[in-house]
Amino acid sequence: MRDAAATPRSPTRATGQRVGDRVRALRVAAGLTQSALAGERFSKEYVSQIERGKTRPTAETVAWLAERLGVDAQYLAHGVSADVRSRVEAKLARAEALQESHRDQEAVDVFREAREEIAALASAELELRALVGQGWALQELGESREAIEVLQEARELAEHPQFSDLDRADVLFRLGCCRYRISSIPTAIGLFDEALALAERSGLPCDLLRARILAWRSRCRRRQADYEAAREDAERAVELAQAMDDPRVVAGTYFQASLVAEKMGHWVLARQYAQQAKAIYQELNDERNTGRLMLNLGGLQLLLGHPEQAIEHLTASFALAVEAGSQPDAAQALGSLAAVHEHLGDHDAADEHARKALALLEGRDDFLDEIGQSNLVLGRSLLERGRLEEAEECFRTADAAFEQMASIAHRTGAWVALGDLAERRGDATEAARLYRNAAEALRVVRF
């Protein structure tokens, strides 16, 4: 499925007209006729066509005309000097640096400022760069729907012939990530498929982009419980990343490979991948992603039968998330701590951590999985303390979140919990129905 996009408008005629206006104004101010400006290189008719916007001069022609008219070529082409363009490029570089440092709100603000200035430059190249950066920063902030609107503008712009298939692939990849964030998984996969095909046919070096596309498509496959396809994508991403001198991408692909291995029950392998990723992020002084790996390792320690070590990892993950100012990461650490305490039978601690996690995730539709899981843990803690009505409310809230994700595999966890609740109430028939529904759904998912 493809996101709708309007037919792109061609900037050629409008840009040509603006260049022509400047050529005419400067020629008249210099007291030159069209023939005099054309000299021996061009005809009077060609200069007339440029001035009337009937033809768009090449960069080489613009530079020659600018020299004849005694102005900067950037000014003649865009109406601003090279100094102004340099200032805008510096502003974009600053926004990108802020984004790399996870200072996403600041990055969004600077990208917006830059776009206002780019409008005067009439530079499609800089406009695309700003749109892509702003869209990515917005999705990092959890504003996925606004990010989609911005990236749709980028997608329309990238359809112009001056851009390559690789430019288009990059925009589609980012749109796919946003679609994943709002649980539009089939659409996300379609965008990733299209992005990968464009990247591969571009004929340009693009292993970095291909690795990122495969890693994110692997996430989608995990959400669909297609773990074999997720494994294949993750392994291809790792191979591409290892061949590049980009440790951040290598770490990201290891992270995804760890998550897939965990889902397939290969917990030792998952831990190995996670430890490799964490070591790279620590070398990069990336505390935010180090915290995310500590979160992953905490969950693996619990699966491997080491709950105390799990608590240590998760507590460290929470501390790093707080230091980085990331509420979603802090919430995920709290949710996982709640799960460990519930596993240990400490229902009061599980209740406290789950409620804190849910408070931090309030209104975050891009974290439906985490919201659902924390509601399940909270419901379990309430069930064990005999607070059945409250437990039911939590289980149904979890089921609603998983339904919004369109994930049957996730919903089965809520159905089993509701079955346990029915059994606790003495309704064996209802409990059996819910257990049977969960079992049948899992068979469909697996086969």
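Remember, it's a predicted structure, so these values are computed and weren't measured experimentally. (Residues numbered from 1 in each chain as written. Predicted model: local features only at pLDDT ≥ 70, side-chain atom pairs only at ≥ 80, totals over all residues. Heavy atoms only, no water.)

## Examining the packing of aromatic side chains
Two measures describe an aromatic ring pair: the distance that separates the ring centres and the angle between the ring planes.
Line of reasoning, step 1. If you walk through the whole model with that rule in mind, you get 7 aromatic pairs.
Line of reasoning, step 2. Residues Trp 136 and Trp 216 carry aromatic rings whose centres are separated by 6.2 Å and whose planes lie at 70° to one another, so their mutual orientation is edge-to-face. Highlighted residues: Trp 136 in helix H8 (residues 124-140) and Trp 216 in helix H12 (residues 207-223), separated in sequence by 80 residues.
Line of reasoning, step 3. Classification of Trp 216 by relative accessible area gives buried; the value is 9%.
Line of reasoning, step 4. Through a chain of ring-to-ring contacts, the aromatic side chains of Trp 136, Phe 173, Tyr 180, Phe 192 and Trp 216 assemble into a single cluster.
Line of reasoning, step 5. The side chain of Arg 174 reaches across the aromatic face of Trp 136, ending 5.2 Å from its centre.
Line of reasoning, step 6. Over the aromatic face of Trp 136 sits the side chain of Arg 212, whose NZ or CZ is 5.6 Å from the ring centroid. (Phe/Tyr/Trp six-rings, centres within 6.5 Å; stacked < 30°, edge-to-face > 60°. Helix = DSSP H or I, 4+ residues; strand = E, 2+ residues; numbered from the N terminus. Buried < 20%, exposed > 50% of the residue type's maximum accessible area, 1.4 Å probe, protein only. Lys NZ or Arg CZ within 6 Å of the ring centre and 35° of its normal.)

## A short note on the confidence of the model for the protein chain
Line of reasoning, step 1. For the protein chain, per-residue confidence averages 91 on the pLDDT scale, and 95% of positions sit at 70 or higher.
Line of reasoning, step 2. Across the protein chain, helix H19 (residues 347-360) holds the top mean pLDDT of 98, while helix H1 (residues 12-29) sits lowest at 73.
Line of reasoning, step 3. Considering only residues more than four positions removed or in separate chains, one finds that residues 1-16, a stretch of pLDDT under 50, has 31 contacts. (pLDDT = per-residue confidence, 0-100. Contact = heavy atoms within 4.5 Å.)

## Examining the side chain of Asn 375
Line of reasoning, step 1. Mapped onto the elements of the fold, Asn 375 is located in helix H20 (residues 368-384).
Line of reasoning, step 2. Classification of Asn 375 as buried rests on a relative accessible area of 8%.
Line of reasoning, step 3. When residues no more than four places from it in sequence are discounted, the contact partners of Asn 375 are Leu 358, Cys 394, Thr 397 and Ala 398.

## Section: the nonpolar core
Line of reasoning, step 1. Core analysis: the biggest nonpolar cluster contains 80 residues, and Leu 128, Phe 173 and Phe 192 have the highest contact counts within it.
Line of reasoning, step 2. The contacts of Leu 128, once residues within four sequence positions are left out, are Ala 154, Leu 157, Ala 158, Phe 163, Asp 167 and Val 171.
Line of reasoning, step 3. If you look at the next biggest cluster of nonpolar residues, it comprises 26 residues, including Leu 368, Val 377, Leu 418 and Leu 434. (Core = buried A, V, L, I, M, F, W, Y, C linked by side-chain atoms within 4.5 Å.)

## Some points on helix H16 (residues 287-303)
Line of reasoning, step 1. An ideal rise of 1.5 Å per residue puts 24 Å on 17 residues; H16 measures up with 24 Å between its terminal C-alpha atoms.
Line of reasoning, step 2. Turning to H16, its buried residues are Arg 288, Asn 289, Thr 290, Gly 291, Leu 293, Met 294, Leu 295, Asn 296, Leu 297, Gly 298, Leu 300 and Gln 301.
Line of reasoning, step 3. Buried residues in H16 make contact with helix H7 (104-121), H8, helix H14 (247-263), helix H15 (267-283), helix H17 (307-324) and helix H18 (327-343).
Line of reasoning, step 4. The backbone nitrogen of Arg 288 has a side-chain oxygen 3.3 Å away, supplied by the residue at the start of H16, namely Asp 286.
Line of reasoning, step 5. Within two residues after H16, Gly 305 carries a phi angle of roughly 85°, on the positive side. (Expected span 1.5 Å × (residues − 1). Polar contact = N/O pair within 3.5 Å; in protein donor to acceptor, adjacent residues only side chain to side chain.)

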